[in-house]
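Notes for the structure review
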Amino acid sequence: MAVCFALGSTCFLIGPFPGYVQLVGESADAITFFVGSILFTAGGGLQSWLAWSDRNSSAAGWWAAIVQSAGTLFFNVTTYQAMHTALTSASYDKLVWRPDWRGSICFLVSGAIAYRASARRGWLPARGGAGWWQPAVNLLGCIFFGISAVAGYVVPSNGSMLDLAAANWNTALGAACFLACALDTLHTDRASKTPLGRRARELERKLEADLR
C-alpha cells in the first residue's frame, strides 16, 4: 500500500515541473499522471481492504480510506482524458492535468476525517509516537490539491486557466506531502488513515505460515 502511494506521489510530484515536460514531451508527461493515478487507486484499494477488518473499532479509518479511494477513481478518469488528448492532439500544449474537483473534495473530506480522529491538542496534532504528524501533513496535501483544482479552473469565456503556475506548484506540493506520509509509513508501519501496523503484521505472519 505504502509503495503504491509513494510511487504514485512521485509521479504527481515530477509531472507538473516544466523541465520534466520539456524533457520527456507532453505525451509522456500525461502518461506519468495517468500511471500515478492508477498507483493511487491501487494504494487506496489496499488501504480500504486493510481498514475493513477494523471498521468497527476504527470507523474513521474506514471512512477516510473509502472516501479517498472514491477520489482516486475520479482522478483516473481525468488523467485518462488528459492522456488521450495529449496522445491524439499534436497541438496540445496546455496543462496536462489538474486535480479533478470531485476527486479533490473526496481527498479533503478523507483528510479531514483522518485528522479529526487523530490525537490532537486543540487544533494542533499531539506530538509523540510514530507517524504522529502524518494526519496533519496528509490533510495539508489534500488542501494543496484543492487549491490546484481551483487554480487550474478553465474560464469558459476565454478558455484560459486562472493560474497555470499555481496549479502546477500546488499539485507538486500536495504530492510531496503524500510522498512524505508514504515513506514514513514504509519506515514505521504507521499510516495516517488506518491502523496499518497490526493488520499488516497479522497478514505477514499468515503468509509466512502458509509458505512453511
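Note that the structure is a prediction, hence the values are computed from the model and not measured. (Residues numbered from 1 in each chain as written. Predicted model: local features only at pLDDT ≥ 70, side-chain atom pairs only at ≥ 80, totals over all residues. Heavy atoms only, no water.)

**Let's talk about the overall build of the protein chain**
Put simply, the rule is: Only DSSP runs of H or I reaching four residues or more are called helices, and only runs of E reaching two or more are called strands; each is numbered from the N terminus. Each residue is placed in one exposure class: buried if its accessible area under a 1.4 Å probe, protein chains only, is under 20% of its type's maximum, exposed if it is over 50%, and partly exposed if it falls in between. Contact between two residues is taken to exist if any of their heavy atoms lie within 4.5 Å; hydrogens are not considered. Accessible areas in this description were obtained via Shrake-Rupley with a 1.4 Å probe; residue shielding takes into account the shown protein chains only.
Helix and strand content of the protein chain: eight helices and two strands. Secondary structure elements of the protein chain occur, N-terminal to C-terminal, as α-α-α-α-α-β-β-α-α-α. The 212 residues of the protein chain split such that 45% are buried. Once local pairs closer than 6 in sequence are excluded, the contacts in the protein chain between residues at least 24 apart make up 75%. Approximately 10900 Å² of the protein chain is accessible, and the part contributed by carbon and sulfur atoms is 65%.

**Overview of the packing of aromatic side chains**
Heads up, the rule is: Aromatic pairs are defined between Phe, Tyr and Trp rings, using the six-membered ring for Trp, whenever the two ring centres lie within 6.5 Å; interplanar angles under 30 degrees are classed as stacked, those over 60 as edge-to-face, and all others as tilted.
Per the counting criterion, the structure on display carries 14 aromatic pairs. For the ring pair Phe 75 and Phe 107, a centre distance of 5.0 Å and an interplane angle of 65° mean the geometry is edge-to-face. Of this pair, Phe 75 sits in helix α4 (residues 59–88) while Phe 107 sits in helix α5 (residues 101–117), and the two are 32 residues apart along the sequence. Accessibility expressed as a relative area gives 1% for Phe 75, which makes it buried. Ring pairs connect the aromatic residues Phe 5, Phe 12, Phe 33, Phe 40, Phe 75, Phe 107, Phe 145 and Phe 178, which therefore count as one cluster.

**Regarding the side chain of Thr 79**
Where we set the bar: Definition of a polar contact: a pair of N or O atoms within 3.5 Å, with one able to donate and the other able to accept a hydrogen when the atoms are protein atoms, and with sequence-neighbouring residues admitted only if both atoms are side-chain atoms.
Mapped onto the elements, Thr 79 comes out in helix α4. At 3.1 Å, the side chain of Thr 79 and the backbone oxygen of Asn 76 are in polar contact.

**Concerning the nonpolar core**
Put simply, the rule is: Only buried residues count toward a nonpolar core. Its members are Ala, Val, Leu, Ile, Met, Phe, Trp, Tyr and Cys residues joined through side-chain atoms within 4.5 Å.
Among the nonpolar cores identified, the biggest contains 15 residues, and Phe 5, Phe 12, Phe 40, Phe 107, Phe 145 and Phe 178 are the most heavily contacted of them. Of all elements in the fold, only α1 (2–14), α3 (26–52), α6 (134–151) and α7 (164–188) reach the threshold of two or more residues within this core. The greatest single-element share of this core, amounting to four residues, is contributed by α7. Discounting residues that sit within four places of it in the chain, Phe 178 has contacts with Ser 9, Phe 40, Phe 107, Asn 138, Gly 141, Cys 142 and Phe 145.

**What to know about the packing of α5 against α6**
Rules: Angles here are taken between N-to-C directions and fall from 0 to 180 degrees, while the axes themselves are lines fitted to C-alpha atoms, restricted in helices to the stretch in contact. Note on angle classes: values under 35 degrees are labelled roughly parallel, values over 145 roughly antiparallel, values of 65 to 115 roughly perpendicular, and the remainder oblique. Crossing handedness follows the turn of the near helix against the far one: under a right angle anticlockwise gives a left-handed crossing, and clockwise gives a right-handed one. Residue polarity is assigned by list, with Asp, Glu, Lys and Arg as charged and Ala, Val, Leu, Ile, Met, Phe, Trp, Tyr, Cys and Pro as nonpolar; anything else, Gly included, falls into the polar class.
At a closest axis distance of 9 Å, the pairing of α5 and α6 adopts a crossing angle of 160°. Judged by the inter-axis angle, α5 sits roughly antiparallel to α6. Once α5 is placed against α6, the crossing between them reads as left-handed. Contacts from Trp 101, Ser 104, Phe 107, Leu 108, Gly 111, Ala 112, Ala 114 and Tyr 115 in α5 reach Pro 135, Ala 136, Asn 138, Leu 139, Cys 142, Ile 143, Phe 145, Gly 146 and Ala 149 in α6. Looking at the contact of α5 with α6 residue by residue, the classes come out as 13 nonpolar, four polar and no charged.

**A few points about α1**
Operational definition: A helix is expected to reach a length of 1.5 Å times the quantity of its residues less one.
Along its 13 residues, α1 runs 18 Å from first to last C-alpha, staying within 8% of the 18 Å computed at 1.5 Å per residue. Those residues of α1 that sit buried are Ala 2, Cys 4, Phe 5, Ala 6, Gly 8, Ser 9, Cys 11 and Phe 12. The inward-facing, buried residues of α1 contact α3, α4, α6 and α7.

**Some remarks on the side chain of Thr 72**
Tracing the backbone through its elements, the reader meets Thr 72 in helix α4. Apart from the residues within four sequence positions on either side, Thr 72 is in contact with Phe 40, Thr 41 and Phe 107.

**A few points about a nonpolar patch on the surface**
Worth spelling out the cut-off: Nonpolar side chains (Val, Leu, Ile, Met, Phe, Trp, Tyr) within 5 Å and like charges within 9 Å form the patches, drawn only from residues with over 30% relative accessible area and no salt bridge. By convention in these notes, a salt bridge is any Lys or Arg side-chain nitrogen within 4 Å of a carboxyl oxygen on Asp or Glu.
A cluster of nonpolar side chains, namely Val 3, Leu 7, Leu 183 and Leu 186, defines an oily patch on the protein surface of about 360 Å² accessible area. The residue Leu 186 is located in helix α7 in this model.

**Structural notes on the environment of Gly 174**
Note that Gly 174 resides in helix α7. A residue is classified by how much of its surface remains accessible, and Gly 174, at 0% relative accessible area, is buried. Between the C-alpha atom of Gly 174 and that of Ile 143, which follows or precedes it by 31 residues, the distance is 7.4 Å. In contact with Gly 174, not counting residues within four places along its chain, are Gly 141, Phe 144 and Phe 145.

Structural measurements only, silent on function.
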